[in-house]
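Chains, contacts and geometry: an overview
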Amino acid sequence: MIDTHAHIDADAFDEDRDEMIQRAFDQGVEAIIIPAIEPKRFEGVLSLCTKYDAVYCGMGVHPHNANDFDNQAETFIINQMSSPKVKAIGEIGLDYYYDFAPKDIQKQVFRRQLHLAKEFGKPVIIHNRESDADLITILKDEQNGELTGVLHCFSSNINILQSALDLNFHISFTGNITYKKSILDEIVKATPLSRIMIETDSPYMTPVPHRGKRNEPSFVQYIAQKIADIHQVSVEEIITMTTHNAKSLFGLPILLIGFLIGLTAFPMYAQDEQEDERGEEIEVVAPQKPFPYSRFIGFGPSVATNTIVETLTSLDANQRGTRSWDGNPAFGLSIAYNPLEFLMVDLGLMNTRNNAKLKNADKVPGTPTDPDVYTVAHLTARAIANPRGKVSFFLSGGLNYLSKRVYATNVEFTDDSQLGFNAGAGFMVNIPTEYGMLIPIAEWRLDFETKNNVTRIPNVSPYNSWGNVEISTFYSLPKLTILWYPKF
Ligand SMILES: [Zn+2]
Ligand SMILES: [Zn+2]
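Residues numbered from 1 in each chain as written. Chains lettered and ligands numbered in written order. Predicted model: local features only at pLDDT ≥ 70, side-chain atom pairs only at ≥ 80, totals over all residues. Heavy atoms only, no water.

1. Here's the deal with the coordination of the zinc ion (ligand 2)
- The protein atoms that coordinate the zinc ion (ligand 2) are H5 (NE2), H7 (NE2) and E91 (OE), at distances spanning 2.0 to 2.1 Å.
- Each donor residue of the zinc ion (ligand 2) belongs to the same chain, with the gaps between them written as H-x1-H-x83-E.
- Here the zinc ion (ligand 2) and the zinc ion (ligand 1) are spaced 3.2 Å apart, and both take E91 as a donor. Here H7, found in the loop between β1 (2–3) and α1 (17–26), pairs with E91, found in strand β4 (residues 86–95); they are 84 residues apart in sequence, far enough to count as distant. Both residues of the pair, H7 and E91, count as buried. (Donors = N, O, S within 2.8 Å, 3.2 Å for Na, K, Ca; no water. Helix = DSSP H or I, 4+ residues; strand = E, 2+ residues; numbered from the N terminus. Buried < 20%, exposed > 50% of the residue type's maximum accessible area, 1.4 Å probe, protein only.)

Set out below in structure tokens:
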């Protein structure tokens with residue numbers, strides 16, 4: 001569990017802050033994020049981050065304190081942007097309920113801080129009270145595809161929820177969803193699990209059953225439980241999902257063990273039978289989790305530099321050697337299809353001209369002026385280790401169909417085609433945009449031929465008297481592909 005919003009720097013915790021934080025860790029809270037409120041408390045927030053490994057913060061000025069946002073505060077925030085413990089700009093936003101600062105100033109300060117978030121690539125933690133219309137207007141206006149963040153303590157209506165989701169924001173719920181009079185059940189239900197986070201907003205908003213007492217991060221489990229009840233899934237699932245969402249939004253360190261637990265907690269299409277405590281058989285259908293990045297069919301161009309490595313074995317003399325043609329430009333196209341979250345199938349073409357060989361033409365008498373041309377069609381599967389990450393790593397493998405036009409070393413034109421195979425590894429970056437997903441893929445691929453060529457090699461150094469040689473070839477391609485997955 002991650003308490004994504006807790007003001008544990010507040011005076012209310014002065015008496016027992018350390019014990020209170022320890023209680024949270026004892027209850028399974030993995031991390032706590034403190035959103036700063038006002039410049040005079042910045043140092044206090046930062047010192048808690050220094051003291052505890054699992055405590056992080058946002059830097060920003062709350063709408064209540066908008067009058068305190070000046071150049072000095074802005075410079076302080078900017079100077080903290082490189083700190084590994086500062087994970088967000090926040091808490092920022094609008095509050096027309098208390099109206100502690102004039103609306104104009106609130107809006108202006110909100111925008112300035114949204115600009116900082118975009119400039120430094122940080123998510124925002126947004127506070128909104130009775131200011132729905134202006135808030136959405138500003139967010140729409142500022143969303144350039146780069147803004148990410150969370151609407152914390154979400155208590156608005158379904159239209160605002162839809163607008164926030166459309167604008168790519170996460171939604172965080174707190175203690176008020178547990179109150180008897182809460183009208184938020186429908187809102188919680190309508191929020192996809194891939195966008196939900198949990199928070200306490202300590203020391204305020206204490207959830208049932210502790211309502212009336214001071215709130216603290218160890219109570220965040222009650223929020224998870226209430227969301228689980230509303231979505232009719234297990235609390236473990238809500239914990240896994242909200243933890244994952246918080247880690248990826250705020251860029252918190254991901255422990256491998258947590259990732260493995262997460263994997264086992266997410267059977268893709270599991271449908272199995274379990275026994276409940278009373279020993280009765282019940283059917284459990286694991287609901288399908290919405291995937292944070294929609295990837296179905298994508299396409300796009302590739303560029304690579306192709307190094308052609310040949311192993312030569314003389315059939316007429318006792319000679320063997322290798323040679324390579326480096327840095328040949330290659331261009332191609334790919335169509336990708338994702339049948340499963342962790343599987344991408346890529347069908348494509350890549351064309352290489354052996355310009356490197358051509359450069360040697362004057363040294364080899366009779367070599368024609370045309371470069372060899374290699375056209376390879378590939379069908380590759382990429383197995384993605386962490387498909388829900390912003391950056392996902394993969395291993396790949398598949399089949400090739402290679403067509404070569406070789407202006408061969410014996411100066412005779414040969415046509416050749418054959419089946420081969422490919423293997424590779426790399427990473428991809430998942431960039432959601434207004435127009436769909438954009439996925440740059442950096443991949444190192446090796447293409448292997450399965451059939452050797454026999455050719456007569458010219459009688460020049462270093463191949464004097466080699467006669468007929470058998471050539472086996474493979475290709476090394478560091479490759480960049482940019483796929484675009486349009487929205488369907
Ligand atoms: Zn707030
Ligand atoms: Zn707050």
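2. Let's talk about the coordination of the zinc ion (ligand 1)
- Protein-derived coordination of the zinc ion (ligand 1) comes from E91 (OE), H127 (ND1) and H152 (NE2), at a distance range of 1.9 to 2.1 Å.
- Along the chain, the residues donating to the zinc ion (ligand 1) fall in the pattern E-x35-H-x24-H.

3. Observations concerning the pattern of salt bridges
- Evaluated as defined, the whole model comprises 21 salt bridges.
- We note a salt bridge from E30 to K247, for which the minimum N-O separation is 2.8 Å. Of this pair, E30 sits in the loop between α1 and β2 (31–35) while K247 sits in helix α9 (residues 235–250), placing them 217 residues apart in sequence.
- In this structure K247 comes out as buried when scored by relative accessible area, which is 10%.
- Linking E443 and K479 is a salt bridge whose minimum nitrogen-to-oxygen distance equals 3.7 Å. Of the two residues, E443 is situated in strand β18 (residues 436–449) and K479 in strand β20 (residues 468–486); the sequence distance between them amounts to 36 residues. We note that E443, like K479, is buried.
- Residues joined in a network through salt bridges with shared partners are D16, R23, R214 and E216. (Salt bridge = Lys/Arg side-chain N within 4 Å of Asp/Glu carboxyl O.)

4. A few points about empty space enclosed by the protein
- Counted by the stated rule, this structure contains 2 cavities of 30 Å³ or more.
- Volume-wise, the largest cavity comes out at about 100 Å³.
- Around the largest cavity, the lining comprises 16 residues; the ones closest to its centre are V376, N400, L402, D447 and Y475.
- Going through the elements one at a time, β13 (343–353), β14 (373–384), β15 (391–407), β16 (413–429), β18 and β20 are the ones with two or more residues in the lining of the largest cavity. (1 Å grid on protein atoms, 1.4 Å probe; cavity = no way out; pocket = protein on both sides within 12 Å on 5 of 7 lines; lining within 4 Å. Points joined across faces, edges and corners; volume = space filled by probe spheres on them.)

5. Some details on the sheet that holds strand β3 (residues 55–59)
- Spatially, the 8 strands line up as an open sheet ordered β1-β2-β3-β4-β5-β6-β7-β8, and their pairing is parallel. On the outer flanks of this sheet lie β1 and β8 (196–198), each paired with one strand and no other.
- Here 3 bridges tie strand β7 (residues 170–173) to β8, and the two strands are oriented parallel to one another. What sits directly across from S172, in β8, is M197.
- Packing against the sheet, helix α5 (residues 132–142) makes contact with β4, β5 (124–129) and β6 (149–151), and its axis sits at approximately 150° to β5. (Pairing = 2+ DSSP bridges. Contact = heavy atoms within 4.5 Å. Axes fitted to C-alpha atoms, helices over the stretch in contact; angles between N-to-C directions.)

6. Describing the layout of surface pockets
- A volume near 780 Å³ is recorded for the second largest pocket.
- What lines the second largest pocket is a set of 30 residues, and nearest its centre among them are H62, H64, D95, H127 and D201.
- Within the residue set of the lining of the second largest pocket, elements represented by two or more residues are β4 and β5.
- With 4 residues, β5 is the single largest residue contributor to the lining of the second largest pocket.
- Tallied by class, the residues present in the lining of the second largest pocket amount to 9 nonpolar, 11 polar and 10 charged. (Nonpolar A, V, L, I, M, F, W, Y, C, P; charged D, E, K, R; others polar.)

7. What about the pairing of β5?
- In terms of residue burial, β5 counts as a mostly covered element, since 5 of its 6 residues are buried.
- Bridge count between β4 and β5: 6 bridges; the pairing is parallel. Paired with L94 across the strands is N128, a residue of β5.
- Following the backbone out of β4, through helix α4 (residues 103–120) and into the adjacent parallel β5, one traces a crossover that is right-handed.
- As defined by bridge partners, β5 adjoins β6 across 3 bridges and the pair is classed as parallel. Following the sheet pairing, I125 is matched in β6 by V150. (Right-handed = clockwise from strand over helix to strand, strands pointing away.)

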